[in-house]
Every structure is written in C-alpha cells, then in structure tokens.
Amino acid sequence: MALKLFDSLTRQTRELAPAAPDGVFRFYNCGPTVYAPAHIGNFRTFIVNDVLRRLLDLEFPGKVKHVRNLTDVDDRTIGQARAERRPLAEITRHWTALFHADCAALNLLVPHVEPTATGHIPEQVEMIDVLLQKGNAYRSADGSVYFKITSFPQYGALSRIRERELKVTNTAFDADHKDDVGDFALWKAYKPEEDGDVRWPGPGGAFEGRPGWHIECSAMIRRHLGETIDLHTGGVDLLFPHHENEIAQSECCTGTTFARHWYHSEHLLVDGTTMSKSKGNYYTLGDLVAKGYSPTAVRYALLSGHPRKQLNFTLDSLHAAESALKALRRFAQGLGPAGSAEPSALFDPVIRALEDDLNTPAALGALFSAVNAHAPGNAAADRAALDRALGVLGLDLTPPASGAPSAPAEVEDLARRRWEAKKARDFAAADHIRAEIAAAGWSMLDSKDGYRLEPAKKA
Ligand code: AMP
Ligand code: ZN
C-alpha cells in the first residue's frame, strides 16, 4: 500500500511521492525555538514527524532528505538573552544541547540537516532583496521591510483566512509602520533598546537589523532542499500565519510551487488547554523522568492519540504505556532473537495503519492484536516483523537501565550549589560550577523546576 497523508492545503488525504526526477523525497519540519526547554507538547509534534520520517525511509529507502531547523533568533530568544543578561548565542547553545539530549532519549532520528536561522542570514537577506526588487515587499520609515500581502493573490489559501479575520488577528502585533495590517515583517530594523548586540547588515547592504521569523524557513528550505519540496510539516499553530507567510515569500521569490503537501499535527493539552511555554503549564521530559517514567513510555503515550486530534496528557497514560511496553518486552523475549530472518507478515497491519494517514493509535492497536493472535510458528520471522514494526514507531524495547548511574556525592553537591546560584540569577557562578561538574565527567541537564545529572558524553 502507498503512504497516504492528509494535506492541509487541499484538505484531502493524498498519496506521498517525490516529484523531482532524482527521486529524492524532500521533507521539511519546522523545528524548535531554543530559548526554554522543549516541553512534551513540542515533542508530540516532533515524535509524530519522526514516525513520518521513519515511514518515508521505509517507503523511499535511501531517498529521503529531512531538514529540521533551529530558530535561534527571534523576539523570544532575544527577550530571554536580555532577561538573563547573557549573549544570545550562549542561551541558544544551552537550550539546543538540552533539546538534542531529549531528542536522543526519545529515540528521534537526527535530521540530515539541522540549519540555524543565524547561520543563514545572507540567504534570508538575498530572498528579501529579490522580494523588494519584484515589488512584493517594501521598506518602512524605520528601515524594516514588510511583505505586501496584496501582491500575492493566493494569500490565505492554506488557512482560508478571510480578510476580516486577518484584520482582527493581526491588529494584535506589529501594527506600526505597515501599509496594511496583514503585512508581515521580513526584516526588523535594529532597535538598540530591544536588540542589544543582535544585528546584521540588511537587504541592500544597509539598514542593520535582524530577520523576521517567517523568512528563515523559506531561506533554509531554498538553500538545503531547493525551490519545491514534497512535504512541509509543523504543529497546527504554525498553519497561520507562519506557513501562510512562508508560501507567500517563497512563491513570490521563486515563481514556483513551494510545498506540494502540508501536514499539521494537533496539540497536546493539559487540563483541557494547550501545553505551552508561555502559559507555563508544561511538563518536560526531564520532569517525567524525575518522576520515574521512561522516555520510551513518554514516546508511546504521545503516539496513543491520533496526530490530527488533540490529546489530553495524563500521568495515567504513562502508567498504561509502561505496562504496554512491559508486555511487548515479554512477548519479544518469548520469540527470541531475530537473527537474519525475513520478517513474517504478522505485524503488517501496524505498517498499514501508519500508511493510512499516520494512524498511530490504530497502529498500536494492531500491534497488540497481532501479539494476542500470535500462534507459535516461525519465531525468528515473527521477531523480525516485530522489530520492523517497532522500528517504524521508534519504540526501543531495551529495558530502561535499572536506576540511572548516580553521581558521586561531591558532584551532587556541586549540582545543588549550581542550581541555587542559577535561581539567585548569579549566572557567572552557575557557569563556573557547571565547568567543575564537567571536569568531574558529568553533565547537568536543567528543566523547568529541577535538574538531572548524566555522565558526560565522550566527544
Ligand atoms: P516552538 O519551539 O514554540 O517553535 O514549537 C516547536 C513545535 O512544537 C512547533 O511545531 C509547534 O507547533 C509545536 N507545539 C507547540 N505547542 C505544542 C503542543 N501543546 N502540542 C503539540 N505541539 C506543539
Ligand atoms: Zn517554519
């Protein structure tokens, strides 16, 4: 069966296939903004995209190019750097390292390219120059550059936002210096009181400032995947205005189709509202690991709801996930190792459910139906089939280490002192103690309301 996925643009479930003659499937996934811990809501989106990546790898072996960016300059990252009185790059480096540690714990495949916004300023400026030349953008009195949405008649096709709604939505931000409330910033003129030392030469080689948020994805896609990609994804909150704006910028710049297929996954909720960094109502992976849950159980629980439906997060769902994983481990052990056997068809319904619009709850259901219906036969072939199904879901059955290795008392003591220093906003002392912890061979991973110590990874 072919891989079918709902497309937010046509609102139809459509087959996925590469368009370019080289047969490469070009896949872009909007990545995290690195100014705070990624919460498990963010990870719901990244895990869903990871299953998609694994399915694409299965469908188009060796032909998938996956790019996921890091937003390391925008209002939020700059705001955090100012609040902590530290250089922007130090803040974003810190949160990027933690994001990567959580991605590894959650068994996310590493994208083929993980570009940063600050690493692609010339590419963004170049696109803005083109948009200015073509008359799709204009410079405002303060030197900022805005995209003129009336210059792109298809604006709103993805979100089907009506003009009236557009006005209401947009009056909340950026109303200054624009010709039209719907216009959005491509380049933000330097404001010393807000931007500190964050600035680059702008379009036309003048007007120092920094890129608007939306242009980074357009520019990084053009650079790493080309003018047309096969699939563009993100959480549902990115559909408008972020993705609508990406389409407008890219299509006006290149004159061709930007993304052939759009996919948006729904949010993770806590107590009926969206889990979000700004609301502060979130769990990080570290919070849940500190409560004794395994990252694999977190991954399982986040896959237990249909990706295009909201999912309410509960600790009960983690309990359920831990027991499901225990049962799967028992079953796998009973089959013995796979060796080099060809997979049997036992777990094919798992793959079929995923190919049918990424139906992860149906896939988990099919996994257990097959386990329950299993009759002794060719154990090695069944084990190979189980491993393949689990591989696409990204569920690693290796039992969680019996208690993480514990740090020596003096390292624990340093960690406590560093945490106190950080809470007291004495970041110089906190950094100094972190270096001592590192010298002792440990890394300290911070979360919202706690930390954990892990043996430092060897370089
Ligand atoms: P951010 O770091 O805020 O740029 O978000 C990273 C990704 O997480 C984006 O694709 C968002 O759409 C997604 N996201 C944000 N909040 C949630 C949530 N509560 N549930 C699922 N995905 C989310
Ligand atoms: Zn994006």
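Predicted, not measured: the structure shown is a model, and the values here were computed from it.

**So, the overall build of the chain**
No. 1: When helices and strands are tallied, the chain shows 16 helices and 15 strands.
No. 2: Taking 2.2 N^0.38 as the reference for a compact globule, 459 residues should give roughly 23 Å; the C-alpha atoms of the chain span a radius of gyration of 24 Å, in line with that estimate.
No. 3: Each principal axis of the C-alpha atoms in the chain carries an extent, and together these give about 75 × 55 × 40 Å.
No. 4: Per-residue burial for the chain yields a buried fraction of 53% across its 459 residues.
No. 5: Pairs at least 24 residues apart make up 76% of the contacts formed inside the chain by residues separated by at least 6 positions.
No. 6: As presented, the chain carries roughly 19700 Å² of accessible surface, and 53% of it is formed by carbon and sulfur atoms.
No. 7: Distance between charge centroids for the chain: 2 Å, based on 53 positive and 59 negative side chains.

**Comments concerning helix 3 (residues 88-105)**
No. 1: In a regular helix each residue adds 1.5 Å, so 18 residues correspond to 26 Å; helix 3 covers 26 Å between its end C-alpha atoms and thus fits that length.
No. 2: Turning to helix 3, its buried residues are Leu88, Ile91, Thr92, His94, Trp95, Thr96, Leu98, Phe99, Ala101, Asp102 and Cys103.
No. 3: Looking at the residues trailing helix 3, positive phi occurs at Asn107, about 65°.

**Topic: the coordination of the zinc ion (ligand 2)**
No. 1: Every protein donor of the zinc ion (ligand 2) is accounted for by Cys30 (SG), Cys217 (SG), His242 (NE2) and Glu246 (OE), and the metal-donor separations fall at 2.0 to 2.6 Å.
No. 2: Around the zinc ion (ligand 2), the 4 donor atoms sit at angles spanning 72 to 127°, and that spread fits a shape best called irregular.
No. 3: As a motif over one chain, the donors of the zinc ion (ligand 2) read C-x186-C-x24-H-x3-E. Of this pair, His242 and Glu246 both sit in helix 8 (residues 239-254), 4 residues apart, roughly one helical turn.
No. 4: A residue is classified by how much of its surface remains accessible, and Glu246, at 0% relative accessible area, is buried.

**Regarding the pattern of salt bridges**
No. 1: Per the counting criterion, the structure on display carries 22 salt bridges.
No. 2: Between Arg54 and Asp50 there is a salt bridge; the shortest N-O distance is 2.8 Å. Of this pair, Arg54 and Asp50 are both found in helix 1 (residues 40-59), 4 residues apart, which corresponds to roughly one turn of the helix. In this pair, the class of Arg54 matches that of Asp50, namely buried.
No. 3: Linked through salt bridges whose partners overlap, the residues forming this network are Asp75, Lys188, Asp195 and Arg210.

**Some details on the packing of aromatic side chains**
No. 1: As enumerated under the stated definition, the model contains 9 aromatic pairs in all.
No. 2: Here the aromatic rings of Phe25 and Phe60 are separated by 5.4 Å at their centres, their planes lie at 10°, and the arrangement is stacked. Of this pair, Phe25 sits in strand 3 (residues 25-29) while Phe60 sits in the loop between helix 1 and strand 4 (64-68), and the two are 35 residues apart along the sequence.
No. 3: Aromatic pair Phe147 and Phe184: ring centres 5.2 Å apart, planes at 15°, arrangement stacked. Taken as a pair, Phe147 in strand 6 (residues 145-147) and Phe184 in strand 7 (residues 184-189) lie far apart in primary sequence, 37 residues in all. The burial state of Phe147 is the same as that of Phe184; both residues are buried.

**Some details on the sheet that holds strand 7**
No. 1: Strand order in the open sheet formed by 4 strands is 5-6-7-8, and the pairing between neighbours is antiparallel. Looking at strand neighbours, the two that pair on one side only are strand 5 (137-139) and strand 8 (209-211), the edges of this open sheet. Each neighbouring strand pair of the sheet contributes to a mean axis angle of 20°, computed without reference to strand direction.
No. 2: Relative to strand 7, strand 6 is paired through 3 bridges, and the arrangement is antiparallel. By the bridge assignment, Tyr146 is partnered in strand 7 with Ala185.

Quick notes on the rules
Per chain, residues are indexed from 1 in the order of the written sequence. The naming scheme follows written order: chains are lettered A onward, ligands numbered 1 onward. Whole-chain, interface and lining totals are the exception, using all residues; otherwise, since this is a predicted model, local features are given only for residues with pLDDT of at least 70 and side-chain atom pairs are given and counted only at 80 or more. No hydrogens and no water enter the side-chain calculation; it runs on all heavy atoms of the structure. Secondary structure is summarised from DSSP: a helix means a run of H or I of at least four residues, a strand means a run of E of at least two, and numbering begins at the N terminus for each. Our radius of gyration is a C-alpha quantity, and the globule rule it is checked against amounts to 2.2 Å times the number of residues to the power 0.38. Partly exposed describes any residue whose relative accessible area lies between the buried limit of under 20% and the exposed limit of over 50%, with all areas from a 1.4 Å probe on protein chains only and scaled to the type maximum. Residues are treated as being in contact if the distance between any of their heavy atoms lies within 4.5 Å. Accessible surface is estimated by sampling points in the Shrake-Rupley manner with a 1.4 Å probe; for residues, cover comes only from the protein chains shown. As used throughout, the charge tally considers Lys and Arg to be positive and Asp and Glu to be negative, leaving His and the chain termini uncounted. Lys charges are placed at NZ, Arg charges at CZ, Asp charges at CG and Glu charges at CD. Helix span, expected: 1.5 Å multiplied by one less than the number of residues in the helix. A donor here means an N, O or S atom no more than 2.8 Å from the metal, or no more than 3.2 Å when the metal is Na, K or Ca. Since water is not included, a site may seem to lack partners. For four-coordinate sites, all angles between 85 and 135 degrees define a tetrahedron; for four- and six-coordinate sites, opposite donors beyond 155 degrees with the remaining angles between 65 and 115 define square planar and octahedral shapes respectively, and all other cases count as irregular. Take a side-chain nitrogen of Lys or Arg and a carboxyl oxygen of Asp or Glu: if they are within 4 Å of each other, that pair is a salt bridge. In this analysis, rings of Phe, Tyr and Trp, with Trp reduced to its six-membered ring, are considered paired at centre separations within 6.5 Å, and the interplanar angle assigns stacked below 30 degrees, edge-to-face beyond 60, and tilted for intermediate values. At least two bridges found by DSSP between two strands are what make those strands a pair. Between N-to-C directions, angles span 0 to 180 degrees; the directions come from axes that are lines fitted to C-alpha atoms, helices contributing only their stretch in contact.

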